[in-house]
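Working through the structure, step by step
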Amino acid sequence: MPEALLAIDGLDVFHGDFQALYGIAAEVAPGEMVAVIGANGAGKTTLLRAVAGLLGRRAAAIRWKGRPIGGMRADRVAALGIALVPEGRLLFPSLSIEENLLIGGRMGRRGPWDLAAVYRLFPILRERRGFAPAQLSGGQQQMAAIGRALMANPELILIDEISLGLAPVAIRQLYEVLPGIVGEGMAAVIVEQDTTRALAVTRRFYCLQEGRVALAGASGSVTREAIGRAYFGV
Amino acid sequence: MEWVNAVVQGTLLGGLYALFAAGLSLIFGVMRLVNIAHGDLIVLAAYLALSTAAGLGLHPLAALTVVVPAMAAAGYALQRGLINRTMGGDILPPLLVTFGLSVIIQNGLLMGYTADPQKLQAGTLETASLSALGLTVGVLPLLTFALAVAVIGALQWMFYRTALGRAFRATSDRQDVAQLMGLNRAHVFGLAMALSLAVTALAGVLLGIRTAFDPAGGGARLIFGFEAVIIGGLGNLWGTLAGGVILGVAQAVGGQIHPGFQILAGHLVFLAVLAVRPRGLFPKMEG
Amino acid sequence: MDVTRASRLTRAAAVAGLVLLVALAAAPWWAGRADMRLLGEIFLYMALATLWNLLAGYAGLVSVGQQAYVGLGGYLLFALTMLAGLPVLAALPVVLIAGAVVAVPVAALIFRLRGAYFAIGTWVIAEVFRLTAAQLSALGGGSGASLPPAVVRTLAEGRDLREAMAYWLAFGLLVLVLAAAVAILRSRHGLALTAIRDNELAARSLGIDIWRTKLFVYVAVGGLTALAGALIFLQKLRISPDAAFAVNDWTAFVIFIVVIGGIGTLEGPIIGTLVFFALRETMADLGTIYLIALGAVAIVVMLRAPDGLWGLIRARTGAELFPLSRRVTGIPPRP
């Protein structure tokens, strides 16, 4: 495996008195796609938010290209080239679709993604560029949210609950374009409820259970039973 | 005819109130902050212009070249150094800290300039007037109104047509997601306050040319600006201009009825709007 | 196992409080005239601070316009005694009720404003009252009026007795306000307030009628603040719109007192008032610097120790003088 882009070692996260993550260890290599799976409340979203700098945690536990970034402010983390597509899309409601994309690209990092490239990837967004986010379907919103993250030309894109609440046709569309986005200098971490789908498109996976990594390995070789045990802890 | 005159004068006065209100509206829009010291900062700008004009021998309008950047810089520093520390979910800390600031500015001015009323000397601009259709209007009120329209137009353009405006709206919508776009919340808030106080500086100088001012006058200016914002509807800049005009006309007409009734009439119109249309006449945004 | 609000300290405080109560009530027999005036002023500020704290610290209604009720109370006292011919002691209950009655429509209007805009709304109301008072030519218009000696004599014959009466009234108001605050906080409304303060959304989902609870507190505080205003101007014997509706005297000072003492606690306003007067008696010559310092101290307290002086004391010692928080006692030790 090439040298890790993102390396997490011994990450603990507390929400007040409640501990959400216990000694998480995980890695992402440049250009690879990794799945994070697990039941509701297993800590998947917390993990992604911690990486994105929204939780402000211990400095040593999260490293980016060997440099500790835990505890760094979210805007600094973003400038390093880590983009988060948050759960529920969270587009800016008072910005048009095009403005949402433009603000994603405001840091001016160089790379293949600009408005034209995002519109090529998701042509519907060009049609709807003057609309408010609330006027779009859930699938279109998710496209806009992914497009907004791509506009930053990140080296790592974190996509939280990529298909949650979307129509099947929209989910299929997203998974069709996903392999084309990743690679070429961009790695991805996707959080997904649909384990089968997540394992089909990724190279490796981490399965979280009650804040701990219960199972990790190559997506292609893991058995259903092993996943089931790691998922539910039975 | 004197009633028509009152309405015209009140409309022009409304431009000044819209300038009081624009800065208040801006920072509320971006960071949900209500700055109790806003009126005192308007008065502070007038005193700053007084000293600049006297020290450098400038016309008060020329003094704007010093006062506007100075107030903007002070706003940025104030936000980053003090007010940002109070910005959590709780409304009490920012409210009480800006209230404390208000008392400090007021008494600081009292120490520096005494309680005697002051006025900015603007020469012929103070008395120049135009006559048409049997009405006589001062050049200064006309200029003030034109500047208010220009400032509000510029703010509107900035908000909806520029990258800075996008950053303001995005931060206003969802602060944490805005950070994911590489926006530093503290810096964005600092810029919003800088812009607010730049507008405040202009308002203060125009106020100082128009009437005498003293250190205790901040409260009334805060209230007029606030009333214009609420009458116009939260988050609507052109509504704020309309709110200022309505307030100005109410005061002018009230003063025409009875001199002691001038300010009171403005407050009563505000309360009436609050009773009938609590979200203002031209609402746009959730309060 | 038992749930109680009393602790050894609250019981000790109750005994000490009783002794203090008797001693203070007897002040006219042991204190000089100047001391009594100072004590009376302290009591009135303590009452104002406790009332503002009920609004802001418990009901989340941050008002910067309580001078509306102070001035209203003062003007009502002057109007009722000078124009309606009531004796002072008969006018006071009327002031209390009138203050509460006026607070109802005011609340109906300004409760439409959220959070910080509510604060400025209260200020507008105070300005409306001030400008209206300036139009009352029967009470001197903008320049104000003095309470005629004939009215003052209805309080008591002889200067000593009058001074004592004014003192007792101020003291009585403070006791009334503290008792009312404890009663409100221990009532169903009080529990609701705590719930609202902690989480407005959750409180609403529990079926607490937030609007009515807040209205109740606002109206009660309005009436009592008006009564305080009547007593303040009974001591001053002179009233004018600018003095009666002064934002600095009746709101800024009061806010600083509560913030420095500790907002959201009953002890805070008391401690804050004592600190305020200790500072004032030593620094009053400094005038404006004193105000600047007070504002700066309040800002620092808000940023560094938002629970105020009493919060610092309580964090160190766990002390509580008023029996308000419930604690569980008599839990059998684990085997």
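Residues numbered from 1 in each chain as written. Chains lettered and ligands numbered in written order. Predicted model: local features only at pLDDT ≥ 70, side-chain atom pairs only at ≥ 80, totals over all residues. Heavy atoms only, no water.

Considerations on the overall build of chain C
- On a plain count of helices and strands, chain C comes out with 16 helices and 4 strands.
- A total of 335 residues make up chain C; the buried ones form 53% of that total.
- Partitioning the contacts of chain C with sequence separation of at least 6, the portion at a separation of at least 24 is 79%.
- For chain C, the accessible area works out to roughly 14500 Å², and carbon and sulfur atoms hold 66% of it. (Helix = DSSP H or I, 4+ residues; strand = E, 2+ residues; numbered from the N terminus. Buried < 20%, exposed > 50% of the residue type's maximum accessible area, 1.4 Å probe, protein only. Contact = heavy atoms within 4.5 Å. Areas by Shrake-Rupley, 256 points an atom, 1.4 Å probe, with all protein chains shown as cover.)

Points about the confidence of the model for chain A
- Across chain A, the average pLDDT comes to 90, with 97% of residues at 70 or higher.
- The secondary structure element of chain A with the lowest average pLDDT is helix α9 (residues 224-232) of chain A, at 83, and the one with the highest is helix α3 (residues 97-104) of chain A, at 96. (pLDDT = per-residue confidence, 0-100.)

Observations regarding the sheet that holds strand β5 (residues 67-68) of chain A
Residue and element names in this part refer to chain A.
- The sheet built from 4 strands is open, its strands ordered β2-β1-β4-β5 with antiparallel pairing. Edge strands, defined here as strands with exactly one partner in the open sheet, are β2 (18-28) and β5.
- Pairing between strand β4 (residues 62-64) and β5: 2 bridges, direction antiparallel. Bridge pairing links Trp64 to Arg67 in β5.
- Helix-sheet contacts for helix α1 (residues 44-52) involve β1 (6-15), β2 and β4, and the interaxial angle to β1 is about 110°. (Pairing = 2+ DSSP bridges. Axes fitted to C-alpha atoms, helices over the stretch in contact; angles between N-to-C directions.)

As for helix α4 (residues 92-113) of chain B
All names here are of chain B.
- Look at α4: 31 Å from first C-alpha to last across 22 residues, which is about the 32 Å you get at 1.5 Å a residue.
- Of all the 22 residues making up α4, 16 are buried; the element is thus mostly covered by neighbouring parts of the structure.
- Backbone geometry just downstream of α4 places Thr114 in the positive-phi region, at approximately 65°. (Expected span 1.5 Å × (residues − 1).)

What about the interface of chain B and chain A?
- Taken residue by residue, the interface counts 16 residues in chain B and 21 residues in chain A.
- Here chain B and chain A share an interface that buries about 1800 Å² over both sides, 61% of which is from carbon and sulfur atoms.
- Looking only at chain B, the three residues that lose the most surface to chain A are Arg166, Leu180 and Met181 of chain B, adding up to 38% of its buried area.
- Our enumeration of links across chain B and chain A arrives at 2 salt bridges.
- With a shortest N-O distance of 2.6 Å, Glu99 of chain A and Arg169 of chain B are connected by a salt bridge. (Buried area = accessible area lost by both parts, 1.4 Å probe. Salt bridge = Lys/Arg side-chain N within 4 Å of Asp/Glu carboxyl O.)

Section: the interface of chain B and chain C
- Counting residues at the interface gives 42 residues for chain B and 38 residues for chain C.
- Carbon and sulfur atoms supply 85% of the area buried between chain B and chain C, which totals about 3600 Å² over both sides.
- Counting the contacts that link chain B with chain C gives 0 salt bridges.
- Linking chain B with chain C are 3 residue pairs in polar contact (both at pLDDT 80 or more).
- Residue assignment for the side of chain B that touches chain C shows that the elements contributing at least two residues are α4, α9 (218-232) and α11 (262-276) of chain B.
- A per-class count over the side of chain B that touches chain C returns 30 nonpolar, 10 polar and 2 charged. (Polar contact = N/O pair within 3.5 Å; in protein donor to acceptor, adjacent residues only side chain to side chain. Nonpolar A, V, L, I, M, F, W, Y, C, P; charged D, E, K, R; others polar.)

A short note on the pattern of salt bridges
- Using the criterion set out here, one finds 16 salt bridges over all chains in the structure.
- With a closest N to O distance of 3.7 Å, Glu163 of chain C and Arg159 of chain C form a salt bridge. Remark: Arg159 of chain C and Glu163 of chain C occur in helix α8 (residues 159-186); sequence separation between them is 4 residues, near one turn of the helix.
- For Glu163 of chain C, a relative accessible area of 17% translates into the label buried.
- Salt bridges linked by common partners bring Glu32, Arg203 and Arg204 of chain A together as one network.

As for the packing of α4 of chain B against helix α15 (residues 288-304) of chain C
- Two numbers describe how α4 of chain B lies on α15 of chain C: the axes approach to 8 Å, and their chain directions differ by 160°. With respect to each other, α4 of chain B and α15 of chain C are oriented roughly antiparallel. As for how α4 of chain B packs across α15 of chain C, the hand of that crossing is left-handed. Of α15 of chain C, the residues touching α4 of chain B (which contributes Leu92, Pro93, Leu96, Val97, Gly100, Leu101, Val103, Ile104, Asn107, Gly108, Leu110 and Met111 of chain B) are Thr288, Ile289, Leu291, Ile292, Gly295, Ala296, Ile299, Met302 and Leu303 of chain C. (Parallel < 35°, antiparallel > 145°, perpendicular 65-115°, else oblique. Left-handed = near helix turned anticlockwise from the far one by under 90°.)

What about the nonpolar core?
- Within the largest apolar cluster, 247 residues are counted, with the highest numbers of intra-cluster contacts made by Leu11 and Leu156 of chain A, Phe226 and Phe270 of chain B together with Trp52, Tyr117 and Tyr218 of chain C.
- Ranked by residues supplied to this core, first place goes to helix α3 (residues 33-58) of chain C with 16 residues.
- In this structure, Trp113, Ala117, Ile146 and Ile159 of chain A belong to the second largest nonpolar core, which totals 43 residues. (Core = buried A, V, L, I, M, F, W, Y, C linked by side-chain atoms within 4.5 Å.)

A closer look at the arrangement of the chains
- A comparison of contact numbers over the 2 pairs of chains in contact places chains B and C at the top.
- The two units chain A and chain C never meet; even their closest C-alpha atoms stay 16 Å apart.

Brief notes about unusual backbone geometry
- Located in the positive-phi region is Lys65 of chain A, a residue other than glycine, with phi close to 50°.
- Here Thr114 of chain B, not a glycine, exhibits a phi torsion of approximately 65°, which is positive.

Quick notes on a nonpolar patch on the surface
All names here are of chain C.
- Taken together, the side chains of Leu18, Leu21, Val22 and Val175 present a nonpolar region at the surface, about 340 Å² in accessible area.
- Looking at which element gives the most residues to the nonpolar patch, the answer is helix α1 (residues 8-25), with 3 residues.
- Tracing the chain through its elements places Val22 in helix α1.
- The class for Val22 is exposed, based on a relative accessible area of 57%. (Patch = residues over 30% accessible without salt bridge, like charges linked within 9 Å, V, L, I, M, F, W, Y side chains within 5 Å.)

Some thoughts on the pairing of strand β9 (residues 204-209) of chain A
All names here are of chain A.
- The buried fraction of β9 amounts to 5 of the 6 residues, a majority that puts the element mostly inside the structure.
- Here strand β3 (residues 33-38) pairs with β9 via 5 bridges, running parallel. When the bridges of β9 are listed, Val36 appears paired with Tyr206.
- Counted between consecutive antiparallel strands, the loop separating β9 from strand β10 (residues 212-218) contains 2 residues, among which Glu210 sits at a positive phi close to 45°.

Topic: the pairing of β3 of chain A
Residues and elements named next belong to chain A.
- Counting buried residues in β3 gives 6 out of 6 residues, a clear majority hidden from the surface.
- Of the two faces of β3, the one carrying Met33, Ala35 and Ile37 and the one carrying Val34, Val36 and Gly38 are both buried.
- With 4 bridges connecting them, β3 and strand β8 (residues 187-191) associate as parallel partners. The residue bridging Val36 from the neighbouring strand is Val191, located in β8.

Here we look at the packing of α3 of chain C against helix α14 (residues 267-283) of chain C
All names here are of chain C.
- Following both chains from N to C, one finds α3 and α14 inclined at 135°, their axes separated by 9 Å at the closest point. One way to sum up the angle between α3 and α14 is to call them oblique. Crossing angle aside, the handedness with which α3 passes α14 is right-handed. Each of Leu38, Glu41, Ile42, Tyr45, Met46, Ala49, Thr50 and Asn53 in α3 lies in contact with α14, whose residues at this interface are Pro269, Ile270, Thr273, Leu274, Phe277, Arg280 and Glu281.
- Residues that form the contact of α3 with α14 fall into these classes: 9 nonpolar, 3 polar and 3 charged.

Considerations on the packing of aromatic side chains
- Taken as a whole and judged by the stated rule, the model has 26 aromatic pairs over all chains.
- With 4.9 Å between their ring centres and 85° between their planes, Tyr47 of chain B and Phe213 of chain B make a pair best called edge-to-face. A residue pair is termed long-range when its members are at least 10 positions apart, and Tyr47 of chain B in helix α2 (residues 38-56) and Phe213 of chain B in the loop between α8 (185-210) and α9 qualify at 166 residues.
- Note on Tyr47 of chain B: relative accessible area 0%, which makes it buried.
- For Phe213 of chain B, a relative accessible area of 1% translates into the label buried.
- For the pair Phe43 of chain C and Phe171 of chain C, a centre-to-centre distance of 5.1 Å together with 45° between the ring planes defines the contact as tilted. Note that Phe43 of chain C is positioned in helix α3 and Phe171 of chain C in helix α8, a separation of 128 residues in sequence.
- Every member of this aromatic cluster is reached through a ring pair, and the members are Tyr45, Phe233, Trp250, Phe253, Phe276, Phe277 and Tyr290 of chain C.
- Over the aromatic face of Phe131 of chain A sits the side chain of Arg128 of chain A, whose NZ or CZ is 5.5 Å from the ring centroid. (Phe/Tyr/Trp six-rings, centres within 6.5 Å; stacked < 30°, edge-to-face > 60°. Lys NZ or Arg CZ within 6 Å of the ring centre and 35° of its normal.)

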